[in-house]
Amino acid sequence: MPDRNFEPMTKAEVVAAQRAWAKCVTEQEVDGLLELYDFGDPDAPLLFKPTLANVIRLDRAGARSYFVGGDPNYPDDTGFLNLGWKTVEFQSAVGPVLKAGGLGYKDMGHKILTNLNGETTRADYTFAYHKLDGCVLISLHHSSLTWFPSTGE
């Protein structure tokens with residue numbers, strides 16, 4: 001494997017990467033979306049636990065299947081992008097936080113996704129980012145539906 005030399009980046013670059021992610025989701029641009037991820041190598045693969053799936057993904061094929069469906073290796077994937085999201089809003093808990101060593105950021109918060117009918121879905125997210133060859137990439141993506149306590153009714 002060639003050397004993977006991580007580069008310094010800024011909080012603003014991480015926010016721009018989140019905006020790019022949201023734009024790719026709302027425009028259903030799977031190839032652009034996949035370009036925002038670092039699929040790494042066997043020793044350091046992407047760690048991707050999507051919102052509406054129970055299978056952790058480690059490679060491009062698994063991520064693509066989640067976003068568009070149709071892969072027999074992931075029979076439960078129907079395509080996250082096929083849900084027709086018209087807006088995605090990241091609500092960070094504190095804003096991207098510089099990771100130890102200074103060559104990456106991590107972020108955690110809520111994503112509010114709105115579909116074409118105006119219905120919203122709230123998901124909790126944790127993303128980790130680093131920069132390679134001038135590109136800010138997602139190296140860890142964990143997302144799950146927000147748990148809301150019972151109202152007792």
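As a reminder, the structure under discussion sits directly above these lines.
Residues numbered from 1 in each chain as written. Predicted model: local features only at pLDDT ≥ 70, side-chain atom pairs only at ≥ 80, totals over all residues. Heavy atoms only, no water.

Colleague: Explanation requested: the pairing of strand β8 (residues 135-145) in the structure shown.
Modeller: Successive side chains on a regular strand alternate, one facing one side of the sheet and the next facing the other. Of the strand pairs in this sheet, strand β3 (residues 47-49) and β8 are connected by three bridges, and their pairing is parallel. Bridging across to β8, K49 finds its partner in H142. One ladder, built from ten bridges, connects strand β7 (residues 120-132) with β8; its direction is antiparallel. The residue of β8 that forms the bridge with Y125 is S143. As consecutive antiparallel partners, β7 and β8 are separated by two residues, and within that stretch D133 has a phi angle of approximately 50°, a positive value. (Pairing = 2+ DSSP bridges. Helix = DSSP H or I, 4+ residues; strand = E, 2+ residues; numbered from the N terminus.)

Colleague: Help me understand the nonpolar core, please; the structure alone is not making it clear to me.
Modeller: Counting 32 residues, the largest nonpolar core has W21, V25, L33, Y37, F67, F80 and Y129 as its most contacted members. When contributions to this core are tallied by element, the ones reaching two or more residues are α1 (11-26), α2 (30-34), α3 (60-68), β4 (85-92), β6 (104-115), β7 and β8. Here this core takes six residues from α1, the largest share from any one element. The contact partners of L33, leaving out residues within four places of it in the chain, are W21, C24, V25, F67 and L81. (Core = buried A, V, L, I, M, F, W, Y, C linked by side-chain atoms within 4.5 Å. Buried < 20%, exposed > 50% of the residue type's maximum accessible area, 1.4 Å probe, protein only. Contact = heavy atoms within 4.5 Å.)

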